[in-house]
Amino acid sequence: MQDSNNSNITQPINNSNNVTNGPTIIQTDVGAKDGQDKCPKCGSTDIAINTNSGKLRCNFCRHEFEPQKVVGMATDINQLQGQVIGSGAQDIVADTKDIVTFKCSSCGAEVVVDTASSTQARCHWCRNTLSVNQQIPNGSIPDVVLPFSISKDVAKTEIEKFVGKRKFFAHPKFRQEFTTENIMGVYLPYMLVDANAHVNLVGNGEHLTRTYYLGSGENRKTYYDADLYHVEREFDLVIQGLTVESSADKLNNSSSSATNNVINAIMPFDLENCVKFNANYLKGYTSEKRDTNIDQLRPLVDKQSKDIAKFAANDTLKNYDRGVAWSNEQLDVKGQQWKAAYLPVWLYSYLQVSGENKVLHYVAVNARTKETMGSVPIHIPKLLGISFLVEILGVLAMLFINFDYNWAFLLAGFIYFFVMFARYRNSNARHKYETETKTNITNLRKIDNFIKTETGLTNSKINGANNTSISGQGLGNQLLNSLVDQNSVASLVRDVTNQKGGE
Ligand SMILES: [Zn+2]
Ligand SMILES: [Zn+2]
C-alpha cells in the first residue's frame, strides 16, 4: 500500500464534523392556514385526495387542485453548503401539546384536533372540516407529503396475491382469520436527506487472468492467477432522497416482536412527486407522527451515505472482477439537507400469539409503486413435518445416487425448512438504499497502477474485498437478524413440542 501521501487529503471518518456552522432553517409552511380550508370554486371544506390522480379534489363541486410544491429548499444539490433543514424537520419540543383547539369560523363552536393521530376534525355543529396546516413542534406536521395514488381495492388485491402464494404453510388460525377488509392507509414519517459530498477511496483491486485446477480426486483444488492494482477513486457526489424511517418504533428493523423490515423493504418512493403538506391529503387515512430528531438519525444517515458513495464508485471498477479492498474510505459532506415527509403505505397487520411470544406480522404495500412485502405466520408443525419428509428423501438420495457431494443431500430437510421459513417471514427483506438511492458523480479522478502479477491464489476474491458490502445495515446486523430469527424458530419449536407433550 502506498498510502504514505494520503494523510494530507484524508480526514477522520466522522463526516458530519465538517459541517460546523449552525443549520439554515427553511420555513416550509409559508402561507399555510389553520382552520377552514375552502374550495375556491364553491367554498366547501370537504376536500380529499382523488387517488386516480394523487391530487386534491373538492368532494362537492369536483374542482381539482394543482399540487403545491415546497419552495425555498435547495434543488441544486451540487451547490449545497452547510446544514439545511426544513422547518418541519426541526427538533421536537418535548412539552408541546398534541391537542389543538380551534374556534369554528362558521358557527363559533370549539373544535378539538388531536394532532397525535390526525390533523383534521369536523365541527360537530356545522359539519365543516377544520385543518392544522401550520407546523407545531411535536413532529405531527412534516415539510412534505407524498399523496396516496394506489386505491384501497388495488392494495387489497396485492395483499391477497402475496398471502395467496404463501398459504400452504400458513398458520391455520391465520388462514381462518385473514381478511383484507380492515387494511389501513397510513402516512408513515420519514426523513429525506440530500447530500453534496466529496469522496476519496484508496485500496487494492484484482483482475482475474487465469483459473485452473491442480491435483485429482479428493485433492483437486482450484487456483487463480490475477493482476494486482493500486486503485484510487476521487469524485464529487450528489445523493438525493436518502430515506430513513423517523419513528423510533419502525427504525428497529431487527425487532423480534414486529416485522418492521417488511415496511422498510417497500422503498423506494417516487420522492420527486412530494408536495407541500396540506391536511386534506390525510383525509380518510391515518398518520403516525415522527418521534425522532435529526441528531438521532444522523449516525444511520452517515453510514448509509458512505455505503452509497462506495457503491456509486463500483461502476468505475468493472475491471476488478476479483473485487476491491478499500483500506481508506473518505466521505466529506459539504452540504446536507433534511426534510420531514409523510409517505403513503397500505398496511395489513396480524398479531400472532404463541405461548408468551407475540409477533406482529405486516404485509405492506407502497401506495405509489405497489411494491409489496410481507410476513405470514407459519404453521411450524406442518413445516417441520414436510421438512422431515424432504430429509428422508435426501437420505435415500444419498444412499442411492452416486455423486461426489452426495453428503449434501443430508442437509436437504434443513435447507428446505430455512428456505420456506425465509419465504414466509422475509426476515432479510430490506430497502437496498446503497443501490436504489439517486446519485450523481462528477469530477472523477481515477488511479489504476499495476503493482504485480499474482499466481496460485486460492481465494476466489481479493483478500478483504469490501466494495460490495455495506455497513449502514451491515453484515453484523444481518447476522444478528438471522440469529434472532433462528432463536424465534427454536422457541416456537420448543413451544410446539411443549404443547405436544402436554396433550
Ligand atoms: Zn368545490
Ligand atoms: Zn362549525
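All of these numbers come straight from a predicted model, not from anything done at the bench. (Residues numbered from 1 in each chain as written. Chains lettered and ligands numbered in written order. Predicted model: local features only at pLDDT ≥ 70, side-chain atom pairs only at ≥ 80, totals over all residues. Heavy atoms only, no water.)

1. A word on helix H7 (residues 412-425)
Our working rule: Put simply, DSSP H or I for four residues or longer makes a helix, DSSP E for two residues or longer makes a strand, and each gets a number counted from the N terminus. A helix is expected to span 1.5 Å multiplied by its residue count minus one.
The terminal C-alpha atoms of H7, which comprises 14 residues, lie 20 Å apart, in line with the 20 Å expected from a rise of 1.5 Å per residue. Positive backbone phi, at 50°, marks Asn426, one or two positions downstream of H7.

2. Details of the coordination of the zinc ion (ligand 1)
Selection criterion: Counted as coordinating are nitrogen, oxygen and sulfur atoms within 2.8 Å of the metal, or 3.2 Å for Na, K and Ca, while water is not included, which may make sites look incomplete. Four donors are marked tetrahedral only if all angles between them lie between 85 and 135 degrees, whereas four are marked square planar and six octahedral if opposite donors are more than 155 degrees apart and the other angles lie between 65 and 115; the remainder are marked irregular. Remark: exposure states derive from per-residue accessible area (1.4 Å probe, protein chains only) relative to the maximum for the residue type, with buried under 20%, exposed over 50%, and partly exposed in between.
The protein atoms that coordinate the zinc ion (ligand 1) are Cys39 (SG), Cys42 (SG), Cys58 (SG) and Cys61 (SG), at distances of 2.3 to 2.4 Å. For the zinc ion (ligand 1), the four donor atoms are set out with angles of 104 to 113° between them, so the coordination reads as tetrahedral. Read from N- to C-terminus, the donor residues coordinating the zinc ion (ligand 1) fall into the pattern C-x2-C-x15-C-x2-C. Taken as a pair, Cys39 in the loop between strand E2 (35-36) and strand E3 (47-50) and Cys58 in strand E4 (residues 55-58) lie far apart in primary sequence, 19 residues in all. The exposure class assigned to Cys39 is buried, which follows from its relative accessible area of 3%.

3. Focus: the layout of surface pockets
The criterion, for reference: Space inside and on the surface of the protein is sampled on a 1 Å grid over the protein atoms alone, with a cavity defined as a set of points where a 1.4 Å probe fits but cannot get out and a pocket as an open set with protein on both sides within 12 Å along at least 5 of 7 lines; lining residues have an atom within 4 Å of a point. Grid points are joined across faces, edges and corners, and a volume is the space filled by probe spheres set on the points. Ten residue types, Ala, Val, Leu, Ile, Met, Phe, Trp, Tyr, Cys and Pro, are classed as nonpolar, four, Asp, Glu, Lys and Arg, as charged, and the remainder, Gly among them, as polar.
Within this model, the largest pocket holds a volume of roughly 590 Å³. In this structure, the largest pocket is lined by 25 residues; those nearest its centre are Asp194, Gln240, Leu271, Glu272 and Lys339. If you list the elements that add at least two residues to the lining of the largest pocket, you get strand E11 (184-214), strand E12 (221-245) and strand E15 (324-354). Here the element with the most residues in the lining of the largest pocket is E12; it accounts for four residues. Residues that form the lining of the largest pocket fall into these classes: 12 nonpolar, seven polar and six charged.

4. Let's talk about the environment of Ser53
Filter applied, for reference: Two N or O atoms count as a polar contact when they lie within 3.5 Å, although within protein this holds only if one can serve as hydrogen donor and the other as acceptor, and sequence-adjacent residues are included solely when both atoms are side-chain atoms.
Position of Ser53 relative to the elements: it lies in the loop between E3 and E4. Reaching out from Ser53, the side chain makes a polar contact with the backbone nitrogen of Lys55 at a distance of 3.1 Å.

5. Overview of the sheet that holds E2
By definition, the strands of a sheet pair up through backbone hydrogen bonds, in either a parallel or an antiparallel sense. Spelled out, the test is: Strands pair, by our definition, only if DSSP identifies at least two bridges between them.
With antiparallel pairing, three strands are arranged side by side in an open sheet as E2-E9-E8. Each having just a single partner strand, E2 and strand E8 (120-122) make up the two edges of the open sheet. Bridge count between E8 and strand E9 (residues 129-131): three bridges; the pairing is antiparallel. Directly across from Gln120, in E9, lies its bridge partner Ser131.

6. Things to note about the coordination of the zinc ion (ligand 2)
Metal coordination angles have textbook ideals: 109.5 degrees for a tetrahedral set of four donors and 90 or 180 degrees for an octahedral set of six. Only Cys104 (SG), Cys107 (SG), Cys123 (SG) and Cys126 (SG) from the protein reach the zinc ion (ligand 2) as donors, at distances of 2.3 to 2.4 Å. With four donor atoms in place around the zinc ion (ligand 2) and angles of 97 to 119° between them, the coordination shape is tetrahedral. Taken in chain order, the donor set of the zinc ion (ligand 2) reads C-x2-C-x15-C-x2-C. Linking Cys104 in the loop between strand E6 (99-103) and strand E7 (110-114) with Cys123 in the loop between E8 and E9, this pair joins segments that are 19 residues apart in sequence. Side by side, Cys104 and Cys123 carry an identical accessibility label, which is buried.

7. Looking at a nonpolar patch on the surface
To keep it simple, the criterion reads: Each patch groups residues whose relative accessible area exceeds 30% and which form no salt bridge, using 9 Å between like charges and 5 Å between nonpolar side chains of Val, Leu, Ile, Met, Phe, Trp and Tyr. The method behind every accessible area is Shrake-Rupley, applied with a 1.4 Å probe, and residues are considered shielded solely by the protein chains displayed. By definition, a salt bridge exists where a carboxyl oxygen of Asp or Glu is found within 4 Å of a side-chain nitrogen of Lys or Arg.
Taken together, Phe388, Leu389, Ile392, Leu393, Leu396, Leu399, Phe400 and Ile401 make up a surface patch of nonpolar side chains, about 860 Å² in accessible area. Structurally, Leu393 is set in helix H6 (residues 380-400).

8. Let's talk about the packing of aromatic side chains
Using the following cut-off: Aromatic rings from Phe, Tyr and Trp, with only the six-membered ring used for Trp, were paired whenever their centres fell within 6.5 Å, and each pair was classed as stacked if the ring planes differed by under 30 degrees, edge-to-face if by over 60, and tilted otherwise. Lysine NZ or arginine CZ positioned within 6 Å of the ring centre and within 35 degrees of the ring normal marks a charge as sitting over the ring.
Throughout the structure, instances matching the rule amount to 20 aromatic pairs. Ring plane angle 75° and centroid distance 6.3 Å describe the contact between Phe169 and Tyr416, whose orientation is recorded as edge-to-face. Here Phe169, found in the loop between helix H1 (152-164) and helix H2 (172-177), pairs with Tyr416, found in helix H7; they are 247 residues apart in sequence, far enough to count as distant. By relative accessible area, Phe169 is classed as buried at 2%. Summarising the aromatic geometry, the rings of Phe417 and Phe421 are spaced 6.3 Å apart at their centres and angled 10° between planes, so their arrangement reads as stacked. Of this pair, Phe417 and Phe421 both sit in helix H7, four residues apart, which is roughly one turn of the helix. Grouping residues by exposure puts Phe417 and Phe421 together as buried. Positioned above the aromatic ring of Phe162, the side-chain terminus of Arg166 is 3.9 Å from the ring centre. Over the aromatic face of Phe168 sits the side chain of Lys382, whose NZ or CZ is 4.0 Å from the ring centroid.

Worth remembering: the numbers are spatial, not functional.
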